[in-house]
Every structure is written in structure tokens, then in C-alpha cells.
Amino acid sequence: MTTPSQTVGPFFGYALPYERGWELVPEDHAGAITVTGRVLDGAGEPVPDALLELWLGETGTRGALDRRGPGVSGFGRCPTAPDGGYRFRTARPATPYLALLVFARGLLRPVLTRVYLEDVPDPLLDSLEPALRATLVARAEGIGTYRFDVRLQGEGETAFLEF
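Reading the values: the criteria
Residues numbered from 1 in each chain as written. Predicted model: local features only at pLDDT ≥ 70, side-chain atom pairs only at ≥ 80, totals over all residues. Heavy atoms only, no water. Helix = DSSP H or I, 4+ residues; strand = E, 2+ residues; numbered from the N terminus. Buried < 20%, exposed > 50% of the residue type's maximum accessible area, 1.4 Å probe, protein only. Contact = heavy atoms within 4.5 Å. Polar contact = N/O pair within 3.5 Å; in protein donor to acceptor, adjacent residues only side chain to side chain. Core = buried A, V, L, I, M, F, W, Y, C linked by side-chain atoms within 4.5 Å. Pairing = 2+ DSSP bridges. Axes fitted to C-alpha atoms, helices over the stretch in contact; angles between N-to-C directions.

> Lay out the overall build of the protein in plain terms, naming residues and giving numbers.
A tally of regular secondary structure across the protein gives 4 helices and 9 strands. Relative to its full complement of 163 residues, the protein shows a buried share of 39%. Considering only contacts in the protein between residues 6 or more positions apart, those separated by 24 or more positions represent 63%.

> Tell me about the environment of R105, and name the residues and values.
Along the chain, the position of R105 falls in the loop between β5 (97-103) and β6 (111-116). Sequence separation of R105 and P48 is 57 residues, and the distance between their C-alpha atoms is 9.9 Å. At a separation of 3.1 Å, a polar atom in the side chain of R105 contacts the side chain of D49.

> Give me the lowdown on the nonpolar core, citing residues and values where you can.
Judged by nonpolar contacts, the single largest core of 28 residues is most densely connected at F88 and L100. Elements supplying a minimum of two residues to this core: β1 (33-40), β2 (51-55), β4 (85-90), β5 and β6. Those residues within four positions of F88 in sequence are excluded, and the remaining contacts are W22, L24, I33, T34, V35, L52, E53, L54, G76, R77, C78 and L100.

> Describe the sheet that holds strand β3 (residues 75-79), naming the residues involved and giving the relevant values.
Strand pairing within a sheet occurs via backbone hydrogen bonds; the two strands may be parallel or antiparallel. Spatial strand order, β3-β2-β5-β6: 4 strands in an open sheet with antiparallel pairing. At either margin of the open sheet sits one strand with a lone partner, and together these are β3 and β6. Neighbour-to-neighbour, the strand axes of the sheet open up by a mean angle of 25°, direction not taken into account. Looking at chain direction, β2 and β3 are connected through 5 bridges and run antiparallel. Counted as the bridge partner of W55 is F75 from β3.

> An account of the environment of A131 is requested, with residue identities and associated values reported.
Checked against the element boundaries, A131 lands in helix α4 (residues 130-134). The exposure class of A131 is exposed, given its relative accessible area of 56%. It is 9.7 Å that separates the C-alpha atoms of A131 and E157, two residues lying 26 residues apart in sequence.

As C-alpha cells, then:
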């Protein structure tokens, strides 16, 4: 028997992704960082048809879909690859985190999480047990590159926030 969540989508590839949506800043932007990772299901298998949105939520950003020109876009959108991989190039946020929305099959609404670039004192992080806290902290992989895997359920499930 099918349920609504099994009959809905994913339809994300039709109109939501756009050219260079993963680039919140141009390649030559001073201090640009790259956030990369994979989206995994409860069995640890890649989710090849998810869509992620990364939000800076800062003043002075623009939300334009047109990525040409200077400045920082306030958000980016990236579909996952067949291996569940994704990538964003963005400015380093003024806050200790980036907001990440994940749209995936089986979800009637997107789930929201945070990507902390460092494990720093923070009211949300401080309220979590160590294992759950670790799911919100990206791992540095060289200068200006961070890895953040999203686990939708099961062991090591990413901490998701209500909104």
C-alpha cells in the first residue's frame, strides 16, 4: 500500500535547481570557502535525488539567481549527485554556522539543520549531548574546505531543527 510520502516526488530536478546554484560567491571571492559532503539515508546509502539549500541569513547579501558579478548571494541550491554528493562555495558566515535545508524523497517538508564550521560555544550546540553535537560540526579538509555529511535517519542521524 502506498502512502502520500511514497507517491510524492521527488520532483526537485524539474524547476528548482538552476545554473551555478551552488555558487553563493564567485570563484575569486576573497575568503571563499567550500562546503561539501553527502546525503545518506538510514541505511547509510547515498540519496541521489535530494536537493539542498544553503542560507547565510546575513545582511548585505543578495538573493539573486543570477550569479554573475560581485557580491554574496544569501542562498544557494544544489541537487545531489548519484553518489549523494553536493558542494557549495560561499562566504565565511559572520555567525558560527550556515543554515542548511534538505529536500528529499519521503519528506513532505524539508528538514533544517545547521552547519557549524567549528565546535564553538553556542546556545544550541551547548544544549546537545556530544554525539548529537558532533552531527552539526563540519570537518575541515584543508584550507577553506569543510565536509558536512547529512544522515537523514538511523545511527549518526544529523540533528534537525523545528521551524
